[in-house]
Amino acid sequence: MQRLLNEIAARAAEKRGGRAWETCFVTNGRIGLDVCISTGGDSVTFLNFEAGTALTATHAYLLRSRAEFDAQGGADVTGRDYGVHFRAGADARVLLTQQRKFGPEGSLTAKLRLTPDETEAQFVRAAGSGCVCALRAEGAVNYGYTNPTYGFSAEDSFALAEFGAAADAHAACLCGGCGTEADTFRQVSWCIGIGGDEGGAAAVGGEIIRIGALRTELTERGVRFTDAENRFDMTFIPLLQRSRKAAHRRADGGVCRIYGCFSGSIGTNGGETVEIRELCGFADEVAN
């Protein structure tokens, strides 16, 4: 575990020469949180898949960036009514945020501990400008003054954490998901470029499966994502959308992100077909 965390910190430190970003998508299949700190701005999106709501607060940095990045892969930004922090610890990363003016209920706080697993957590994408790590998540999110606390348990909560910089070319559109596969409950994660030349990878129970860039097809069931070698075949059912104005400011203004469920299959390196049913994730610009 310590080796993996050291590698995260080292890769993050290598990317500090350009415009940096750190993002984290966390879900337990019912509630989700999508957080970004970048040198262009920050955003926090709270997702309630059961209620069908997506609420976002975003802040653009008009003058010099207020985001601070350290050599250990941590990031911090603090404003008048909000704060977002990624903290790099000895055995885990911690995501903290407090938004005092957030949505109709007026407040959101979150504290989530993100832990790599010795056998399951791996980098699922390592392109020229960034890397992604699959993690387990535990902690809580509080939204509003009368709503209940939404808990995240390491047994059923997962995260995709991305680190990088925009000094190199970076795929503007991504497809990502995290959770457990349908039959044996192995951890499954992926983060793959949509179109272009930049692909990515999937991780199934610790096995890394390299996958090329995805192509899209609109079907009656939803949006189908496939790769050229037919190792990745997923149909995405859109549920919630975050507007372009609230997009992550990664390199050049952000993208439109849609959240929903994936069902389909991933082919492993050993020839096994892993079935996926209704795993939560996101896709960028699939509706544009």
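Throughout this document, residue positions are counted from 1 along each chain, in the order its sequence is written. Since the coordinates come from a predicted model, pLDDT governs what is reported: local features require at least 70, and pairs of side-chain atoms require 80 or more to be given and counted, while whole-chain, interface and lining totals use all residues. The side-chain values count all of the structure's non-hydrogen atoms but skip hydrogen atoms and water molecules.

Approximately 250 Å³ is the volume attributed to the largest pocket. Lining of the largest pocket is provided by 14 residues; of these, Gly29, Gly179, Thr180, Glu278 and Leu279 occupy positions nearest its centre. The set of elements that each furnish at least two residues to the lining of the largest pocket consists of β14 (174-180) and β22 (273-284). The residue inventory of the lining of the largest pocket, partitioned by class, reads five nonpolar, five polar and four charged. For each structure, a 1 Å grid was placed over the protein atoms alone; sets of points admitting a 1.4 Å probe that cannot get out are labelled cavities, open sets with protein on both sides within 12 Å along at least five of seven lines are labelled pockets, and lining residues have an atom within 4 Å of a point. Grid points are joined across faces, edges and corners, and a volume is the space filled by probe spheres set on the points. Secondary structure is summarised from DSSP: a helix means a run of H or I of at least four residues, a strand means a run of E of at least two, and numbering begins at the N terminus for each. Asp, Glu, Lys and Arg are counted as charged, while Ala, Val, Leu, Ile, Met, Phe, Trp, Tyr, Cys and Pro are counted as nonpolar; the rest, among them Gly, fall into the polar class.

Looking now at the packing of aromatic side chains. Pairs were defined over the aromatic rings of Phe, Tyr and Trp, the Trp ring being its six-membered one, requiring ring centres within 6.5 Å. Orientation was assigned from the angle between planes: stacked under 30 degrees, edge-to-face over 60, tilted for the rest. Considering all chains together, one arrives at ten aromatic pairs under this definition. Ring geometry for Phe102 against Tyr143: centres 6.0 Å apart, planes inclined by 80°, an arrangement best described as edge-to-face. Here Phe102 is found in the loop between β8 (93-99) and β9 (108-115), whereas its partner Tyr143 is found in strand β11 (residues 130-143), with 41 residues between them in sequence. Burial status follows relative accessibility: with a 1.4 Å probe on protein chains alone, a residue under 20% of its type maximum counts as buried, one over 50% as exposed, and anything between as partly exposed. Of the residues examined, Phe102 reaches a relative accessible area of 1% and is grouped as buried.

Next up on the list: the sheet that holds strand β20 (residues 232-242). Ordered in space as β17-β16-β15-β14-β22-β21-β20-β19-β18, the nine strands form an open sheet in which the pairing is antiparallel. Two strands close off the open sheet at either side, each with one partner strand: β17 (207-211) and β18 (215-218). In this sheet, neighbouring strand axes are inclined to one another by 25° on average, regardless of whether the strands run parallel or antiparallel. In this description, strands pair whenever DSSP reports at least two bridges between them. Bridge count for strand β15 (residues 187-193) against strand β16 (residues 200-204) is five bridges, and the pairing is antiparallel. Directly across from Val188, in β16, lies its bridge partner Val204. The axes used here are C-alpha line fits, helices contributing only the stretch in contact, and every angle between their N-to-C directions lies in the interval 0 to 180 degrees.

Another aspect to go through is the environment of Ile276. Within the secondary structure, Ile276 sits in strand β22. As for Ile276 and Thr180, which are separated by 96 residues in sequence, their C-alpha atoms are 8.0 Å apart. We call two residues in contact when some of their heavy atoms are within 4.5 Å. The residues contacting Ile276, other than those within four sequence positions of it, are Glu181, Val188, Met234, Phe262, Ser263 and Gly264.

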